[in-house]
Amino acid sequence: MPSPRSIRPSCSQPLPNPPSSVSVTAASAGGSQSPGDLISCSGLPASEARILLAHVTGWSRTELITAPQVPLPEAQEEAFATLAARRRAGEPIAYLVGAREFYGRRFKVSPAVLIPRPETELLVDEGLAALGALSAPRVLDLGTGSGAIAVTVALERPDAHVTAADLSPAALEIARHNGRVQGARIDWVESDWYAALGARRFHLVLANPPYVAADDPHLNQGDVRFEPRGALTDGGGGLGALRTVIQGAPAHLEPAGMLLVEHGYDQAEAVRAAFAAAGFLGVRSVSDLAGIERVTRGVLPG
Ligand SMILES: C[S@@+](CC[C@H](N)C(=O)[O-])C[C@H]1O[C@@H](n2cnc3c(N)ncnc32)[C@H](O)[C@@H]1O
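A quick note: this is a predicted structure, and the numbers were derived from the prediction, not measured.

From N to C terminus, the protein includes eleven helices and nine strands. Look at the contacts in the protein between residues 6 or more apart in sequence, and 68% of them connect residues 24 or more apart.

Rendered as structure tokens:
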């Protein structure tokens, strides 16, 4: 009988795409490839292959690194081959495993929502700092997507009354799920920016609106091809949604209330000008760890 090592396949080709109907009932059948074989034959960077295999097997990534070289069940091999093929075709890892970490918490994601980005944590940091000693502040997250910003603020500031709005019902469904699972109390509103908020006013408005220009070639490259267009671009030059959010904010902020927006790497100057034109004071931009101005804030007169 061959030892598990002796059945190790050669990896001159990536794993073939699996048959279209993968039988999950084959879970008990023994496959022929160990975790190490599957990772090295996947045609993916090992770090990505490990995330997908951990998702399929339920093992931790550390367990996969130290795993014995024994074959996995055939159904797991097939499920992994399916995900690896989709990843090779460009689908984002977060959509394949259905989750992404943000501010140390796990958020469900689907192709209905933008995958939360690490740089958006800066927006949350600035927002939490701005809330400071305010008691029971009212906070609005505009264009909530997965709910990452709203849920994080609600959990970091349990005394806050958080409202989160999005135009997309499908995104709100994911956001509601994330709020429920994480135990965050949030008022979810389907709204075209401020349209459904009536005369409600907030101490802090946070927004990460779509700010990529419609003709930006990056929209047709890499992982972003799979994200919702309406979450990425305003359909014009990139500043349209930002201006709508900035111009509408004074009618929905308390005196001395703050607006904080995330924007593109080359938009800070135009965004500051829009803040000033809308009557904001103390307008300034904050740079991320790479030194790029990513977030701009302004305060209404008191
Ligand atoms: C860049 S994504 C941000 C998602 C999430 N806040 C985050 O930071 O990961 C922009 C979000 O704005 C939403 N959006 C686009 N147009 C909108 C509109 N007119 N009114 C409200 N939300 C809108 C999109 O559906 C999307 O969820």
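Before going further, it helps to examine the confidence of the model for the protein. Averaged over all residues, the pLDDT of the protein is 90; the fraction at 70 or higher stands at 90%. Within the model, pLDDT remains below 50 along residues 1-9, and this stretch shows eleven contacts once partners closer than five positions in the same chain are excluded. Here residues 12-28 is a poorly scored stretch, pLDDT under 50, and it has 24 contacts once near neighbours within four places are set aside; other chains count.

If you walk across this open sheet you meet the seven strands as β5-β4-β3-β6-β7-β9-β8, and the pairing is mixed. Of all strands in the sheet, those bounded by a partner on one side alone are β5 (186-190) and β8 (281-287). Across this sheet, the average inter-strand angle for adjacent strands is 15 degrees, counted without regard to direction. Strand direction decides the pairing type here: strand β6 (residues 202-207) and strand β7 (residues 253-262), joined by five bridges, are parallel. Bridging across to β7, F202 finds its partner in L253. Seen against the sheet, helix α6 (residues 120-131) touches β6, β7, β8 and β9 (293-299) and runs at an angle of roughly 165 degrees to β7.

A few words now on unusual backbone geometry. Backbone phi values are negative for most residues with the exception of glycine, while trans is the configuration of most peptide bonds. Backbone geometry at W193 places phi at a positive 45 degrees, although glycine is not the residue there. Along the chain, W193 turns up in the loop between β5 and β6. Residue W193 is classed as buried on the basis of its 20 C-beta neighbours within 10 Å.

As for its placement among the helices and strands, M258 is situated in strand β7. Remark: the alpha-carbon pair of M258 and R297, spanning 39 residues in sequence, is separated by 6.9 Å. Non-local contacts of M258, meaning those with residues more than four positions away in its chain, are made with A130, L204, R297 and V299.

On to the nonpolar core, then. With 56 residues, the main nonpolar core has V205, L242, V245, L259 and V261 as its most contacted residues. Counting residues per element, this core draws most heavily on helix α7 (residues 148-156), which supplies six residues. L259 has contacts with V205, I246, A249, L253, F280, R297 and G298, leaving out every residue within four places of it along the chain. L53, V56, F80 and A81 belong to the second largest nonpolar core, which has 14 residues in total.

Near the ligand you find 22 residues, and of these G143, G145, L167, N208 and A231 are the closest. Of all the secondary-structure elements, those providing two or more residues to the shell around the ligand are α7, β4 (161-166) and α9 (229-232). Here the residues of the shell around the ligand are counted per class, giving eleven nonpolar, nine polar and two charged.

To continue, consider the environment of E190. Mapped onto the elements, E190 comes out in strand β5. Of the residues examined, E190 has 13 C-beta atoms within 10 Å and is grouped as partly exposed. Put simply, E190 and A164 are 26 residues apart on the chain and 8.5 Å apart in space, counted from C-alpha to C-alpha. Residues in contact with E190, not counting those within four places in the same chain, are D166, P169, L172 and A196.

The rules behind each value
- Residues numbered from 1 in each chain as written.
- Predicted model: local features only at pLDDT ≥ 70, side-chain atom pairs only at ≥ 80, totals over all residues.
- Helix = DSSP H or I, 4+ residues; strand = E, 2+ residues; numbered from the N terminus.
- Contact = placed C-beta atoms within 7 Å.
- pLDDT = per-residue confidence, 0-100.
- Pairing = 2+ DSSP bridges.
- Axes fitted to C-alpha atoms, helices over the stretch in contact; angles between N-to-C directions.
- Buried ≥ 20, exposed ≤ 12 C-beta atoms within 10 Å, placed from the backbone.
- Core = buried A, V, L, I, M, F, W, Y, C linked by C-beta atoms within 7 Å.
- Near = placed C-beta within 6 Å.
- Nonpolar A, V, L, I, M, F, W, Y, C, P; charged D, E, K, R; others polar.

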